[in-house]
Amino acid sequence: MQPVLVLYYSRNGSTKRLADAIAQGVSSLDVPVIVRTVKSISDAANDAASSAVPEVSLQELEQCSALALGSPTRFGNMAAPVKHFLDSTSSQWLKGALIDKPACVFTSSSSMHGGQESTLLSMMVPLIHHGMVICGLPYSEPALHNTTMGGSPYGVTHVAHHSLSAPEQLSVDEKALCIAQGKRLAMFAKKLADNA
């Protein structure tokens, strides 16, 4: 079975924490997982959260069995590096390389009403154009009812509340939702691989 690709961009580390927890959920089902980042299109020194992780290749995208795509929220939309990467996938679209592969999306913002759900929806649109099957979070997940921070049926989220001292860690509910999302994505990828 090809690995599940957890792909993200993170400037301050919040989206990376979501990616790592989703990857933990995927690997808990003994499904191979690779974590990659997209190339930054700026020279911002704060992009250190992504610089320690290898950049994704288009071949890794084509070969993945499923995709978890993450971005910080930028004015209710995905960050420019994620959009830039997606704009480079025309050849994969022409080949139909991602058709019928499961996918989920995740995001973080620095405020409670920072446009998280619109960001998740904006990331879904190109994946739907690729023919991917969107995998959300059902309300059967208890943490979706309990969270007072991030979380949505559209995908996992995190409210970072950045401070000068340190970025806020994932809440217990946010982490539980990430793990549940990773498990759900891995389960669908596994079922499709078993039926191929």
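Criteria and thresholds
Residues numbered from 1 in each chain as written. Predicted model: local features only at pLDDT ≥ 70, side-chain atom pairs only at ≥ 80, totals over all residues. Heavy atoms only, no water. Helix = DSSP H or I, 4+ residues; strand = E, 2+ residues; numbered from the N terminus. Rg over C-alpha atoms; globule rule 2.2 N^0.38 Å. Buried < 20%, exposed > 50% of the residue type's maximum accessible area, 1.4 Å probe, protein only. Contact = heavy atoms within 4.5 Å. Areas by Shrake-Rupley, 256 points an atom, 1.4 Å probe, with all protein chains shown as cover. Lys, Arg positive; Asp, Glu negative; His and termini not counted. Charge placed at Lys NZ, Arg CZ, Asp CG, Glu CD. Salt bridge = Lys/Arg side-chain N within 4 Å of Asp/Glu carboxyl O.

Summing up its helical and strand segments, the protein has eight helices and seven strands in all. Radius of gyration (C-alpha) of the protein: 15 Å, near the 16 Å computed for a compact globule of 196 residues. Dimensions of the protein along its principal axes, counting C-alpha atoms only, are 50 × 40 × 25 Å. Counting only residues that meet the buried cut, the protein has 49% of its 196 residues in that class. Partitioning the intrachain contacts of the protein with sequence separation of at least 6 by distance along the chain shows that 77% fall at a separation of at least 24. Summing over all exposed atoms, the protein offers an accessible surface of approximately 9100 Å²; the carbon and sulfur share of this is 55%. Charged side chains in the protein number 14 positive and 15 negative. The centres of these two groups are separated by 2 Å.

Once their charged atoms are close, side chains differing in charge can pair, the charge on each being opposite to the other. Considering all chains together, one arrives at four salt bridges under this definition. The closest approach of N and O atoms between Lys 16 and Asp 20, which form a salt bridge, is 2.8 Å. Remark: Asp 20 and Lys 16 occur in helix α1 (residues 14-27); sequence separation between them is four residues, near one turn of the helix. Residues Glu 62 and Lys 95 are paired through a salt bridge, measuring 2.7 Å at the closest nitrogen-oxygen approach. One end of the pair, Glu 62, is in helix α3 (residues 58-63); the other, Lys 95, is in helix α5 (residues 90-95), and 33 residues separate them in sequence.

Within the fold, Pro 142 resides in helix α7 (residues 142-146). Note on Pro 142: relative accessible area 53%, which makes it exposed. In sequence terms Pro 142 and Met 132 are 10 residues apart; their C-alpha atoms lie 27 Å from each other.

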